[in-house]
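One letter stands for each residue in the lines below.
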Amino acid sequence: MTRALANMWRMRRALPGLTASNGPPVSVARGTRSLWIFALLAVLLAPAQEAFAQAQTQLEQIVEPPKIPTGEPMLLQADEMIYDNENARITAKGNVEIYYGDYTLLADKVVYNRNANTLAAEGNVRMKDPDGAVITADQLTLTDDFRDGFVDALKLVTKDDTRIVAQSASREAGNVTVFQKGWFTPCKICEDKPSKPPTWRIRAGKITHKRDQAIITFNNAAFDFFGVPIVWVPYFQIADPTVERKSGFLMPSYSHSNELGSTVQVPYYFALSPHYDFTFAPMWTEKEGTLLLGNWRQRTATGGYEVELAGVWNDSDTFLSPLGTEESVTDGDFRGSIKTKGKFALDPYYAWGWDILLESDDTFRRFYNLDSRLKTDRISQIYLEGLHDRNYLSTRFYNTQSLLFEDEEFSEATVYPIIDYDYIVGKPILGGELSFNSNAMVFSSEDGTDSNRLILEANWRRQMIDGIGQVYTPFARLRGDAYDVTEPSELELSGSEDILTPDPEDGGILRGNAVAGIEYRYPFITTTGTIAHTVEPIGQIIARPNSVGDQQEIPNEDALSLVFDDTLLFDIDKFSGYDRIETGTRANVGFRYTAQFISGTYLRTVVGQSYQLAGENEFDTAFYQTSGLATDTSDYVTGVYLQATQNLSFSAQQRFDEDNLDVERTDLGTWVKFGPLQARANYAQVPNVIPAGISANAIERHPSLFTDAREEILAAGALAITDTWALLGNLRYDLSGDQTITDGLGLRYQDDCFRLDVTYQRSFIRDQDIEPDERFLVNFALKYLGTYNFATEFSDFGAEGSDTND
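Anyway, here's the lowdown on the structure attached to this text. (Residues numbered from 1 in each chain as written. Predicted model: local features only at pLDDT ≥ 70, side-chain atom pairs only at ≥ 80, totals over all residues. Heavy atoms only, no water.)

### Looking at the overall build of the protein chain
Link 1 in the chain: Check the secondary structure of the protein chain and you find 4 helices and 47 strands.
Link 2 in the chain: Relative to its 806 residues, the protein chain shows a buried fraction of 45%.
Link 3 in the chain: Looking at the protein chain alone, contacts between residues at least 24 apart form 53% of all its contacts between residues at least 6 apart.
Link 4 in the chain: Surface accessibility of the protein chain: about 39500 Å² in total, with carbon and sulfur atoms responsible for 54%. (Helix = DSSP H or I, 4+ residues; strand = E, 2+ residues; numbered from the N terminus. Buried < 20%, exposed > 50% of the residue type's maximum accessible area, 1.4 Å probe, protein only. Contact = heavy atoms within 4.5 Å. Areas by Shrake-Rupley, 256 points an atom, 1.4 Å probe, with all protein chains shown as cover.)

Here it is, written out as structure tokens:
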């Protein structure tokens, strides 16, 4: 420092608003930029709305340019100060530092023109704004309030390495910034070869940002990919992302398939209010008419909802059913759907909402690719749910419908409503926890079955540990059920009883059950080296009445799903729902081993078996014959679970025949990350669920409940070839039927600002007018500019022997 520090107070008087500082220079990042550059930067860095041209609406927010508080002092520090009173100029030379508000300006030389009220910086100019973005330039001119300015040879770098380079830039009226001959890229510059072009960039002869209108305009713009111009447009606009929503066209999409032909979809977004909006996305198809699609969204003070409307007028399609008859997918020329969901809070603890789908036919949404073709059910619900203190309440109205042509009538049902209320007593009762559960349901099925019920249940449990570590857990349960049942007058089973309700009885049915039991565990813990071992034998005995009457009089609506494995072994009641309950005395025994490694690796194994000691075995019925629980001595169940840090996980669940140890069911799953490979795989082997003695008529009435043994594998993985290239693959294969369900192969390129996926996929699913197809898809994403999808489909390939519903 020379005369600068000695003349600081004089400088303050010479420059209005200028304050001297004798403190040390403030540490700043290399390079800086001013407030007017920040306005455009905010637009380019925020996630860009996928729009080509977006129009301002009267209700949209107008963004005011940021202002520095009036009277904010300007601090200046330099090696040398030169005063030119004749020309009203003050020149600061050598390591010049200027601090104004939250802005910092560094340069080799700064000239203040008192007549023009401007600051002209030269040589290694760097400016930093409050957001941390930095601009470097050869020359920069600003008004003394940093409101307007001009800069030569602009180079701007933000905290996330986004770059703007321009020959010059100027800001006028505090809200209009114009870049001349500039380009923008969010891609990192190669450190080894800084002159190498980035992955992509946008070059424009002129870029204009009007902050008060929240728009950016590009004139004479070109998109460069790896330094090669590939797209040129004379003019386009994008919205300023400082505005949360703005009306305009969204990214269009194109696809081609044998079923729809060429399709083009161009959505338009209406920003009607900060609280609600609407998107209109018509899709023109070459062969199946024009699909009209609209989505309304609204947010309120307590929640929000959305409504999607879709429809098309087209000649009704026909298909050949499995019975050889020609069927129509709809009765008229119109196909459409209404899909809506919402959720609203009543208070901090309770909320209500809905998730509803209405559709003209079973395949409309799948046919037009609005839903996945793997979808097989349509479920709608209205609900009220809450959890407060020790209370839980759930009230739900359901409607379920099958989307498959061959499904039976009973799969389409309405529940209005089903109510669950649970309460846990706050104080210990007899040293244990007392809880109450209740369930009420009003159920109606399309096959004519009506089932109404009320269930009340009390549970008590207490855990006790003695001096040597043995754990005793006594428990008890009291339950009472009341049913009102109406069955169809004729089951039309041609001499074969209905396996769900073989002897239906209309009217009221009462049922009760009392349960008492105890669970015993004795964990032994030891260590070997860096491994902690826990060996734990477990025994459980449960006493209940030998019988509660003929449960077949009650329609079985919610206890159809039963997978007996290690996770179900120690459940007090192994049925999945309320309509069936266990009776008699049952013992469950097992053995659990756990190994905890110091590295974080975790291993757990479980093996066990269940025994019906007395009373009726409710699993010894036609429907549950293959469950593994139908005999007094159940099948063996095992489970192995391994979590090896974050790079490997494995699980295996199996059930073995009690007599010959034949494998009855297997579920395997694994996820692995090893070097450049990431993969996951699942294998399932499901037993035959067509019990002996069940007639063909019963199977025909309930086809979804009876299947041959199935064996299936599902796998997906990615192999990194280089730092940016990866090979992708997926497969779902039916081993028992020796056929592929779906498969695919892809190639991915991904760096810090660009991702490209090229994939080839096949599907062998067939249902009504849904046919097997194959697709070639291209998907790419540009950082801050959005994504674009391209898909090509080819139907009716390899259809021979590929009649698969999933």
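### Side note on the side chain of Glu308
Link 1 in the chain: With respect to the helices and strands, the residue Glu308 is situated in strand E21 (residues 303-313).
Link 2 in the chain: We classify Glu308 as buried; its relative accessible area is 17%.
Link 3 in the chain: One polar contact links Glu308 to Arg365, side chain to side chain, over a distance of 2.8 Å. (Polar contact = N/O pair within 3.5 Å; in protein donor to acceptor, adjacent residues only side chain to side chain.)

### Considerations on the state of the cysteines
Link 1 in the chain: A full pass over the atoms with the stated rule returns 1 disulfide.
Link 2 in the chain: The partner cysteine of Cys187 in its disulfide is Cys753, sulfur to sulfur 1.9 Å. For the disulfide bridge between Cys187 and Cys753, the dihedral angle about the S-S bond is near 95°, and by the sign convention the bridge is right-handed. Of this pair, Cys187 sits in the loop between strand E10 (176-185) and strand E11 (200-210) while Cys753 sits in the loop between strand E44 (739-750) and strand E45 (754-763), and the two are 566 residues apart along the sequence. The burial state of Cys187 is the same as that of Cys753; both residues are buried. (Disulfide = S-S within 2.5 Å.)

### Overview of the pattern of salt bridges
When the charged atoms of two side chains lie near each other, side chains of opposite charge can form a pair.
Link 1 in the chain: Under the defined criterion, the tally for this structure stands at 29 salt bridges.
Link 2 in the chain: Among the salt bridges present, the one from Glu582 reaches Arg544, with a minimum N-O distance of 3.3 Å. On the criterion of sequence distance, the pair formed by Glu582 in the loop between strand E35 (531-543) and strand E36 (585-597) and Arg544 in the loop between E35 and E36 is long-range, its members being 38 residues apart. Both residues of the pair, Glu582 and Arg544, count as buried. (Salt bridge = Lys/Arg side-chain N within 4 Å of Asp/Glu carboxyl O.)

### Description of the side chain of Gln540
Link 1 in the chain: Note that Gln540 resides in strand E35.
Link 2 in the chain: There is a polar contact of 3.2 Å between the side chain of Gln540 and the backbone oxygen of Phe570.
Link 3 in the chain: Ignoring any residue separated from it by four or fewer positions in sequence, one finds Gln540 in contact with Phe475, Ile518, Glu519, Phe570, Asp571, Arg586, Ala587 and Asn588.

### Notes on the packing of aromatic side chains
Link 1 in the chain: For the coordinates displayed, the defined rule picks out 24 aromatic pairs.
Link 2 in the chain: Geometrically, the ring pair formed by Phe225 and Phe226 is edge-to-face, given 4.7 Å between the ring centres and 85° between the ring planes.
Link 3 in the chain: Using a relative accessible area of 23% as the deciding quantity, one classes Phe225 as partly exposed.
Link 4 in the chain: Look at Phe226 and you get partly exposed, because its relative accessible area is 44%. (Phe/Tyr/Trp six-rings, centres within 6.5 Å; stacked < 30°, edge-to-face > 60°.)

### Structural notes on the pairing of strand E37 (residues 602-614)
Link 1 in the chain: Relative to E37, E36 runs antiparallel, the two sharing 12 bridges. If you follow Asn588 over to E37, its bridge partner there is Ser610.
Link 2 in the chain: Linking E36 back to E37 in an antiparallel pair, the connection comprises 4 residues, with Gly600 at a positive phi of about 105°.
Link 3 in the chain: As judged from the 7 bridges shared by E37 and strand E38 (residues 636-644), these two strands associate in the antiparallel manner. When the sheet's bridge partners are listed, Thr605 is paired in E38 with Val640. (Pairing = 2+ DSSP bridges.)

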